[in-house]
Amino acid sequence: MDINSLIAQYGYAALIIGSLAEGETITLLGGIAAHQGLLKFPLVVLSVALGGMIGDQLLYLLGRRYGGKILQRFSRHQAKIHSAQKMIQRRPYLFVVGTRFMYGFRVIGPLLIGASHLPPKIFLPLNILGALVWALLFTTLGYVGGEVVAPWLHSLDQHIKHGVWLVLVVAIVVTARWWIKRRSKRKTGPTV
């Protein structure tokens, strides 16, 4: 079984699992696979949106239940946590949708939202909307990036062969240099 058939067979499940917590890289790769024709673009979007939504929903519920205790452990960041919670109270819609796009908030964001006791009836639809927008954006970026990556992937075998030769040449040069230095030290002998 080759890699393409594995991607076609297990790709959607891998996208759901991979996007539960960390999603940008896996989503971009899903877009590239859709560009290659291994996966269907709409199903890639739905898979990563589902994984991202489930992951954030679980973190939100964890935050609702244990958020206070978890956040107390980050004593150095209490000012930032307090600031984020004030932002959640002022603009909950923007924060819930936008937390996916804020660097460093992918995991802590849903915990903060849950700890702020934002009602589930507000969080769930916004979580779904944010997951769909995020999945569509990053899958599209991966799909477009597939235009650049596709020619390189088709010649991957050649790249691997060239890489192996390059590593061998570098290893030979480094070994020869080491051997010559060692040999010259033996000839000169110890210095007094």
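Just so we're clear, the structure is a prediction, and the values are computed from it rather than from any experiment.

Caption draft 1: View of the layout of surface pockets. Of the pockets and cavities examined, the second largest pocket occupies roughly 230 Å³. Every residue lining the second largest pocket is listed: Phe74, His77, Lys80, Ile81, Ser83, Ala84, Met87, Phe95, Met102, Phe105, Ile108 and Leu112. For the lining of the second largest pocket, the element with the most residues is helix α4 (residues 78-90), which contributes five residues. Among the residues forming the lining of the second largest pocket, the class breakdown is nine nonpolar, two polar and one charged.

Caption draft 2: Examining the nonpolar core more closely. Core analysis: the biggest nonpolar cluster contains 14 residues, and Val96, Leu112, Ile113 and Phe123 have the highest contact counts within it. Listing elements by their share of this core, those giving two or more residues are α3 (41-72), α4, α5 (92-98), α6 (108-115) and α7 (120-154). Aside from chain neighbours lying at most four places away, what touches Ile113 is Tyr60, Ile88, Phe95, Val96, Thr99, Leu118 and Phe123. Membership of the second largest hydrophobic core comes to 13 residues, among which are Leu15, Ala34, Met53 and Ala131.

Caption draft 3: Molecular detail of the pattern of salt bridges. Throughout the structure, instances matching the rule amount to one salt bridge. Between Asp56 and Arg100 there is a salt bridge, with the nearest N and O atoms lying 3.1 Å from each other. In this pair, Asp56 sits in helix α3 while Arg100 sits in the loop between α5 and α6, placing the two residues 44 residues apart along the sequence. A relative accessible area of 2% places Arg100 in the buried class.

Caption draft 4: Looking closely at the environment of Leu118. The topology assignment puts Leu118 in the loop between α6 and α7. What makes Leu118 buried here is its relative accessible area of 8%. Considering only alpha carbons, one finds Leu118 and Val96, 22 residues apart in sequence, at a separation of 9.8 Å. Setting aside anything within four residues of it in sequence, one finds Leu118 in contact with Tyr60, Arg64, Pro92, Val96, Ile113 and Phe123.

Caption draft 5: Geometry of the packing of α3 against α6. As a packed pair, α3 and α6 sit with axes 6 Å apart at the nearest point and diverge in direction by 65°. Between α3 and α6, the interaxial angle falls into the category roughly perpendicular. As for the relative orientation of α3 and α6, their crossing is right-handed in sense. The segment α3 lies against α6, with Asp56, Leu59, Tyr60, Leu62, Gly63, Arg64, Gly67, Gly68, Ile70 and Leu71 engaging Ile108, Pro110, Leu111, Leu112, Ile113, Gly114 and Ala115. For the contact of α3 with α6, the per-class residue count stands at eleven nonpolar, four polar and two charged.

Caption draft 6: Highlighting the side chain of Thr99. Turning to its location among the elements, Thr99 is positioned in the loop between α5 and α6. Taking the relative accessible area as the measure of exposure, Thr99 reaches 2% and is therefore buried. If we ignore the near neighbours within four places in the chain, the residues touching Thr99 are Phe105, Arg106, Gly109 and Ile113.

The rules behind the values
- Residues numbered from 1 in each chain as written.
- Predicted model: local features only at pLDDT ≥ 70, side-chain atom pairs only at ≥ 80, totals over all residues.
- Heavy atoms only, no water.
- 1 Å grid on protein atoms, 1.4 Å probe; cavity = no way out; pocket = protein on both sides within 12 Å on 5 of 7 lines; lining within 4 Å.
- Points joined across faces, edges and corners; volume = space filled by probe spheres on them.
- Helix = DSSP H or I, 4+ residues; strand = E, 2+ residues; numbered from the N terminus.
- Nonpolar A, V, L, I, M, F, W, Y, C, P; charged D, E, K, R; others polar.
- Core = buried A, V, L, I, M, F, W, Y, C linked by side-chain atoms within 4.5 Å.
- Buried < 20%, exposed > 50% of the residue type's maximum accessible area, 1.4 Å probe, protein only.
- Contact = heavy atoms within 4.5 Å.
- Salt bridge = Lys/Arg side-chain N within 4 Å of Asp/Glu carboxyl O.
- Axes fitted to C-alpha atoms, helices over the stretch in contact; angles between N-to-C directions.
- Parallel < 35°, antiparallel > 145°, perpendicular 65-115°, else oblique.
- Left-handed = near helix turned anticlockwise from the far one by under 90°.

What is shown is where atoms sit, not what they do.
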